[in-house]
Amino acid sequence: MRLPYAAARLLPPFPAGVALRPRCGDTRPPEQLLSLKLENKTKGKLQKQICQVVLDHFEKQYSAELGDAWSSVRDVLIYPSCWQHAVLLNKFSHTADLEDTLCAQGYHPAFSGTLPCLPRSLKCYISRTPRRFPSQKHQTGKLKEYYLLNAASMLPVLALEVKDGEDVLDLCAAPGGKSVVILQCASPGQFHCNEYDELRFRWLKQTMESFIPHPLFDLITISNLDGRQIGELKPEFFDKILVDAPCSNDRSWLFSSDIQQATLRLLRRRELSVLQFQLLRSAIKALRPGGSLVYSTCTLSKAENSDVINLVLNSCSNVIPVDISEIAKAVSQEFSFHSHTQQHELLVLPEKGRAWGPMYVAKLRKMQST
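These figures come from a predicted structure and were not determined experimentally.

Trainee: Before we move on, could you go through the overall build of the protein and cite the residues and values that matter?
Mentor: The secondary structure content of the protein amounts to 14 helices and twelve strands. Counting only residues that meet the buried cut, the protein has 52% of its 370 residues in that class. Looking at the protein alone, contacts between residues at least 24 apart form 76% of all its contacts between residues at least 6 apart. Total accessible area on the protein stands at roughly 16,700 Å², and carbon and sulfur atoms take up 52% of it.

The structure is reproduced here in structure tokens:
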């Protein structure tokens, strides 16, 4: 059942400065942003400049939280030229020629280790050297063959272990990459993709239209609701829930072009952990007993990662942590992980040659009613 769109208008807004997801960093429509990027590339002006205010903040915080690991992470984050991109193939439209082309250009399959939760239908290619495969434009009525993404962003979906027929919620789904990955892995019974921010909601719809065939697309619910209210609207409805929460995206924040905006973001950073906790509480209410939930962010910040999960575990007696350490062992050749995490969480640290992340992942399970 689709939730009424009008219901979103009756819900309270996100806290000031949070309604637009910080990891987006721009309020313009995605079509306009994409055209501007292409125009800037043509003119040779797409040069990222580090925001010193943000870098100084990161130096102080992450030196304390990551210790010696911060220096190598910093060296990757401040040099976008060494960032890497993975190529996720679309099982609904890609051809064998595409895989041959990728291999000829030095790409190889990711997750080639003994990963127990790797579906055969999921095909992703990565390269050891920094390179970017050409992106494909959105064309109405035509599916894209592949999706470019940070390979670490696939780990939350792999940790969720979605099976065919399960009812799944992607609570904060825009721009839609993880929703696309979910549908590469399995065929959910009911799949609900939600995004509160209006502009990002439009971006989500466009992404899904670009990758999912219409017969399947018509079976997917795409809503524009306040995620903090979904637990009340759909209590104990879903088997699996992904909460890829709004966060202080370290990569984009580090290159903020507006110093005043960057300073304001840093001042309001503590509000994000409150929002993240509220979203998790809502997701737990929407989760069926015995169901699983994965929480993820693309920040290194302890306050938005393990601190939020610990608060949930300490305040919600009906959820328990789930060991996902085997995932880290299985993909250790492709990803670098922070060593000081619990068994129910992972923190991907970017490093040269393996410039994936930051990506935090934690998994919880809702206990059966007694």
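Trainee: Talk me through the side chain of Ser296; I want residue IDs and the actual numbers.
Mentor: Tracing the sequence through the fold places Ser296 in strand E9 (residues 287–297). Taking the relative accessible area as the measure of exposure, Ser296 reaches 0% and is therefore buried. There is a polar contact of 2.8 Å between the side chain of Ser296 and the side chain of Asp244. Ser296 has contacts with Pro156, Lys178, Leu242, Val243, Asp244, Ala245, Met359 and Tyr360, leaving out every residue within four places of it along the chain.

Trainee: Break down the side chain of Glu345 for me, citing the residues and quoting the values.
Mentor: As for its position among the elements, Glu345 is in strand E11 (residues 345–348). Of the side chains with opposite charge, Lys302 comes closest to the buried, unpaired Glu345, at an N-O distance of 8.9 Å. A distance of 2.4 Å separates a polar atom in the side chain of Glu345 from a polar atom in the side chain of Tyr360. Glu345 has contacts with Ser306, Ile324, Tyr360, Val361 and Ala362, leaving out every residue within four places of it along the chain.

Trainee: Now, about the environment of Asn224: what can you tell me, with residues and values included?
Mentor: Of note, Asn224 is situated in the loop between strand E7 (220–223) and helix H9 (230–233). Separated by 31 residues in the primary sequence, Asn224 and Cys193 place their C-alpha atoms 8.8 Å from one another. A distance of 2.8 Å separates the side chain of Asn224 from the backbone oxygen of Glu195, its partner in a polar contact. Only 2.7 Å separates the side chain of Asn224 from the backbone oxygen of Tyr196, close enough to count as a polar contact.

Trainee: Go over the environment of Thr95 with me, naming the residues and quoting the values.
Mentor: Topologically, Thr95 is positioned in the loop between strand E1 (86–89) and helix H4 (96–104). Distance from Thr95 to Glu145, taken between C-alpha atoms, is 7.7 Å for residues 50 residues apart in sequence.

Trainee: Residue-level account of the pairing of strand E12 (residues 359–366), with values.
Mentor: E12 sits mainly inside the fold: seven of its eight residues count as buried. Relative to E12, E9 runs antiparallel, the two sharing six bridges. When the bridges of E12 are listed, Tyr295 appears paired with Ala362. Here strand E10 (residues 319–321) runs beside E12; their pairing, made up of three bridges, is antiparallel.

Trainee: Break down the confidence of the model for the protein for me, citing the residues and quoting the values.
Mentor: Averaged over every residue, the pLDDT of the protein is 87; residues scoring 70 or more account for 86%. Within the model, the stretch residues 1–46 combines pLDDT values under 50 with 82 contacts to residues more than four positions away or in other chains.

So, how was this worked out
Residue numbers here run from 1 along each chain, matching the order of that chain's written sequence. Local features in this predicted model are restricted to residues whose pLDDT is 70 or higher, and side-chain atom pairs enter the listing and the counts only when it is 80 or higher, whereas totals over whole chains, interfaces and linings include all residues. Computation of side-chain values: all heavy atoms of the structure, hydrogens and water removed. A run of DSSP states H or I qualifies as a helix once it reaches four residues; a run of E qualifies as a strand once it reaches two. Both are numbered from the N-terminal end. For the exposure calls, accessible area comes from a 1.4 Å probe over protein chains only, and a residue counts as buried if that area is under 20% of its type's maximum, exposed if over 50%, partly exposed in between. Any pair of residues with heavy atoms lying within 4.5 Å of one another is described as a contacting pair. For every accessible area listed, the method is Shrake-Rupley and the probe measures 1.4 Å; residues are considered covered only by the protein chains on display. Pairing of N or O atoms within 3.5 Å defines a polar contact, subject to two protein rules: one partner must be a possible hydrogen donor and the other a possible acceptor, and residues neighboring in sequence count only if both atoms are side-chain atoms. Residues scored as positive are Lys and Arg, those scored as negative are Asp and Glu, and His as well as the terminal groups of each chain are ignored. Definition used for salt bridges: Asp or Glu carboxyl oxygen within 4 Å of a side-chain nitrogen of Lys or Arg. The criterion for strand pairing is that DSSP finds at least two bridges linking the strands in question. Each residue carries a pLDDT score, the predictor's confidence in it, ranging from 0 to 100.

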